[in-house]
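# Survey of secondary and tertiary structure
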Amino acid sequence: MQREIVLEGCVNFRDLGGYGAEGGRVRWRRLFRSDALHELTGADVAALRDIGLTTVIDLRSDFERRHDGGGPHPLGGIADIVEAPVIDRHNAEIMADTSLSLAQRYARIMESSGTALVDAAGAIAAARGAAVFHCAAGKDRTGMLSAVVLGAVGVADDDLIADYAMTGRNLARIEARLAGNPAYERTAAYVPRDVMTADAATMGELIADLRARHGGMAGLLGSLGAPADIAVRLRAALVEPVAP
């Protein structure tokens, strides 16, 4: 099954299926991650309709949504749109704090994200069909949510790390895309350069940190107010049994 989905309007759209998980493996064509989707073409929308997309989780800030072209989400005609800003005014300064490693910044952001991660996980668990979540680059916030959701259903650390690092192959195209968007000029002026990296060690450090302090990704969701059965619901939605 093809993991990377080629679309005209974004450069980092891929399937999260196929990873081993508790009770089986993550279903293909059920959960996707992506960079921003506001430039999707009509052909892109038709392709995503054909794969059964019904839920879009937008992790961008309110500022980004206002300045990324404005107007309705291009997938609003085929999918439910859930806004879950992981980074917003209350915690945006964390990404600029170079006294912390990138993994430490991720952890602080996740722990201060309010209900965003819980809302996103709940939307994935309740999706009528396939779901996609996205931010601007499809690396940081999307990487955080990928780790949380896949970790909560029992995907191995090595797979979480490899999935995060996979964005590295698309970073040059992501940077070129962001450079052409005036909404990100102000951000680029103060965000440290390590933000535009996708090193495996970063995700490894993040996983170890969150496990030590929260007992794992399901524990983190619980500390943020998720229902006690969130991991069970995610497994029911995402994981299929594998024949012996």
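All values derive from a computational prediction rather than experimental measurement. (Residues numbered from 1 in each chain as written. Predicted model: local features only at pLDDT ≥ 70, side-chain atom pairs only at ≥ 80, totals over all residues. Heavy atoms only, no water.)

### So, the overall build of the chain
Our working rule: Helix numbering and strand numbering both begin at the N terminus, where a helix is a DSSP run of H or I of at least 4 residues and a strand a DSSP run of E of at least 2. This radius of gyration counts C-alpha atoms alone. The globule rule is 2.2 Å times how many residues there are, raised to the power 0.38. Note on exposure labels: buried denotes an accessible area under 20% of the residue type's maximum, exposed denotes more than 50%, and partly exposed covers the range between, all computed with a 1.4 Å probe on protein chains only. The contact rule is simple, with two residues in contact once any of their heavy atoms fall within 4.5 Å. Note on areas: Shrake-Rupley with a 1.4 Å probe; residue coverage comes only from the protein chains shown. Charge assignment: positive for Lys and Arg, negative for Asp and Glu; neither His nor the chain ends contribute. One atom stands in for each charge, and that atom is NZ of Lys, CZ of Arg, CG of Asp or CD of Glu.
Helix and strand counts for the chain stand at 11 helices and 8 strands. In terms of overall dimensions, the chain is globule-like: its C-alpha atoms have a radius of gyration of 17 Å, near the 18 Å expected for 244 residues. Its C-alpha atoms give the chain principal-axis dimensions of about 50 × 45 × 30 Å. Counting over 244 residues, the chain shows a buried share of 54%. Restricting to contacts in the chain with at least 6 residues of sequence separation, those with at least 24 account for 77%. Carbon together with sulfur atoms contributes 53% to the accessible area of the chain, which is approximately 10,100 Å² in total. Counting 26 positive and 32 negative side-chain charges, the chain places the averaged centre of each group 2 Å from the other.

### Considering the nonpolar core
Rule in force here: For this analysis, a nonpolar core means a set of buried residues of the types Ala, Val, Leu, Ile, Met, Phe, Trp, Tyr and Cys, connected via side-chain atoms within 4.5 Å.
Counting 67 residues, the largest nonpolar core has Leu59, Ile124, Leu221 and Leu234 as its most contacted members. The biggest single contributor to this core is helix α4 (residues 116-126), with 8 residues. Sequence-distant contacts of Ile124, that is, excluding residues within four places in its chain, are made with Arg30, Leu31, Ile57, Phe133, Leu145, Val149, Leu234, Ala237 and Leu238. In this structure, Ile5, Leu37, Leu48 and Val132 belong to the second largest nonpolar core, which totals 16 residues.

### Here we look at the side chain of Asp15
The condition is simple: As used in this structure description, the phrase polar contact means that two N or O atoms lie within 3.5 Å; if the pair is within protein, one of them must be able to donate a hydrogen and the other to accept it, and residues adjacent in sequence are counted only when both atoms belong to side chains.
Residue position: Asp15 is located in strand β1 (residues 14-15). There is a polar contact of 2.6 Å between the side chain of Asp15 and the side chain of Arg29.

The analysis is restricted to geometry; functional conclusions fall outside its scope.
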